[in-house]
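Architecture at a glance
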Amino acid sequence: MSTAAGRDIRLYGLSKFYGPFKALDDIDLTIAPGEFLTLLGPSGSGKSTLLMALAGFVEPSHGDIFVGGRSITALAPEKRNFGVVFQGYALFPHMSVAENVAYPLKVRGLDRPLIEAKVAEALALVQLDALAKRLPKQLSGGQQQRVALARALVFSPEVLLLDEPMGALDKKLRHDLQIELRQLHRKLGRTFVNVTHDQEEAMAMSDRIAIMRAGRIVQLGAPRDLYDLPETRFVADFLGKSNFIAGRVGETTGGTVLVETADGPIRHAARGRPVKTGDEALLALRPQALRLGPGGDNALPARVETAIFLGTHAELTVRTAGGTPFAINTPIERADALPAEGADVTLSWDRTATVAVAED
Ligand SMILES: Nc1ncnc2c1ncn2[C@@H]1O[C@H](COP(=O)(O)OP(=O)(O)OP(=O)(O)O)[C@@H](O)[C@H]1O
Ligand SMILES: [Mg+2]
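Here the structure is a predicted model, which is why all the values come from computation and not from measurement.

What to know about the site of ligand 1
- Around ligand 1 sit 14 residues, and of these Ser-43, Gly-44, Lys-47, Ser-48 and Thr-49 come closest.
- The backbone of Ser-45 places a nitrogen or oxygen atom 3.1 Å from an oxygen atom of ligand 1.
- Within the side chain of Ser-48, an N or O atom sits 2.8 Å from an oxygen atom of ligand 1.
- Here ligand 1, which alone exposes 640 Å², has 62% of that area covered by the protein.

Structural data, given as structure tokens:
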């Protein structure tokens, strides 16, 4: 299967109404040729609707979709040359693996020798050449998944659209297939748009992630940028976990902002949303940025509410005197170093660990 540079995909003001309900709300998005873009968001946020609008199975109520500068908004799905793997990846149960993969080529009226060659190539790509004659029910979940991928790739689509392709698989298999899918993406150089609500999958695979909520893209960026600089409470908590500290902004000296909180002043290195004296601020703080014991730019007394030893690390929840709860994720060498529930501890973190975010 040849690699291709491809064309960009642009969405302008894309909306989808179901009666009065807005499943997609004025989406603007440009997808670069060859990009691996993931749509990530909670259930019902509009991920599948957006993907199906791209595929042509959902007709937008407003807005346009352009590929390489040409509108495809009115183009039928089969004319878009997009490969699609649906949520649940249903294969035709009565057809063999090879017949399943051949199906899109038969529909397109290719002749037999060409179909056979392309099917063999697609099956080799997903490492299923040896199982071509089996029926879907004779395959594992991961193998069925690969057949669905081969079927979506066999006609050399310009774009591959994947809706929770690994949703039905167990964790280990998901992980293996994520790596394979990434390699496949590199090898083919085509545009992949993947839908998931698994944040680890999104982080591991994507060039960029679009975080969706209630039919909108609330933040778009490289996984690392989204993780390091979430703009809102929702994103800070959806992509990884976050603690939140609310307070009022006081003085700023040498890049350090003092934020007055229920537990007294907190030092914050002015990361994230700009804040000025007198503002209400919301600071997000990752559980792994917190330490037990003194040190760091901020230290607060707290009481342990729960403490769980997980082998490589421990997860604790504590509450400060001011009543703020914190989740802590900290490396720990031995289970007996874990503080007891009810113990008084000191919680510390650096001023560079907090990011000011907008309340949703
Ligand atoms: N045909 C339809 N008629 C009415 N409402 C619909 C229809 N299809 C989707 N919706 C609604 O639109 C919203 C977005 O649905 P969508 O399937 O895009 O969500 P999703 O982000 O893919 O969720 P999930 O993670 O559960 O798959 C949901 O509230 C859903 O109930
Ligand atoms: Mg969905």
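Describing the pattern of salt bridges
- Under the definition given, this model contains 17 salt bridges.
- The salt bridge involving Arg-233 is made with Glu-359; its shortest N-O contact spans 2.6 Å. Taken together, the positions of Arg-233 in helix H8 (residues 233-238) and Glu-359 in the segment after strand E20 (354-357) put the pair 126 residues apart, joining distant regions of the chain.
- Note on Arg-233: relative accessible area 28%, which makes it partly exposed.
- One salt-bridge network, in which partners are shared between bridges, spans Lys-22, Asp-25 and Arg-216.

Digging into the sheet that holds strand E19 (residues 344-349)
- Taken together, 5 strands build an open sheet; the order of strands is E15-E19-E16-E17-E18 and the sheet is antiparallel. The open sheet terminates on both sides in strands that have one partner only, identified here as strand E15 (291-292) and strand E18 (325-331).
- As paired elements, strand E16 (residues 298-309) and strand E17 (residues 313-320) share 7 bridges and run antiparallel to each other. From the neighbouring strand, Thr-306 faces E17, where its bridge partner is Thr-317.

Considerations on the domain arrangement of the protein chain
- Per the domain assignment, the segments of the protein chain are domain 1 (9-229) and domain 2 (236-357).
- Each of domain 1 and domain 2 has a C-alpha centre, and these two points are 39 Å apart.
- Roughly 830 Å² is buried in total at the junction of domain 1 and domain 2, and carbon and sulfur atoms are behind 68% of that figure.
- When the buried area of domain 1 at its contact with domain 2 is split by residue, Gln-199, Tyr-227 and Leu-229 rank highest and sum to 57% of it.
- Summed over the shared surface of domain 1 and domain 2, the number is 0 salt bridges.
- By residue number, the principal contributor to the side of domain 1 that touches domain 2 is helix H7 (residues 223-228), which donates 4 residues.
- Residues that form the side of domain 1 that touches domain 2 fall into these classes: 9 nonpolar, 2 polar and 1 charged.

Parameters and conventions
- Residues numbered from 1 in each chain as written.
- Chains lettered and ligands numbered in written order.
- Predicted model: local features only at pLDDT ≥ 70, side-chain atom pairs only at ≥ 80, totals over all residues.
- Heavy atoms only, no water.
- Near = heavy atom within 4 Å.
- Polar contact = N/O pair within 3.5 Å; in protein donor to acceptor, adjacent residues only side chain to side chain.
- Areas by Shrake-Rupley, 256 points an atom, 1.4 Å probe, with all protein chains shown as cover.
- Salt bridge = Lys/Arg side-chain N within 4 Å of Asp/Glu carboxyl O.
- Helix = DSSP H or I, 4+ residues; strand = E, 2+ residues; numbered from the N terminus.
- Buried < 20%, exposed > 50% of the residue type's maximum accessible area, 1.4 Å probe, protein only.
- Pairing = 2+ DSSP bridges.
- Domains from an automatic or database assignment.
- Buried area = accessible area lost by both parts, 1.4 Å probe.
- Nonpolar A, V, L, I, M, F, W, Y, C, P; charged D, E, K, R; others polar.

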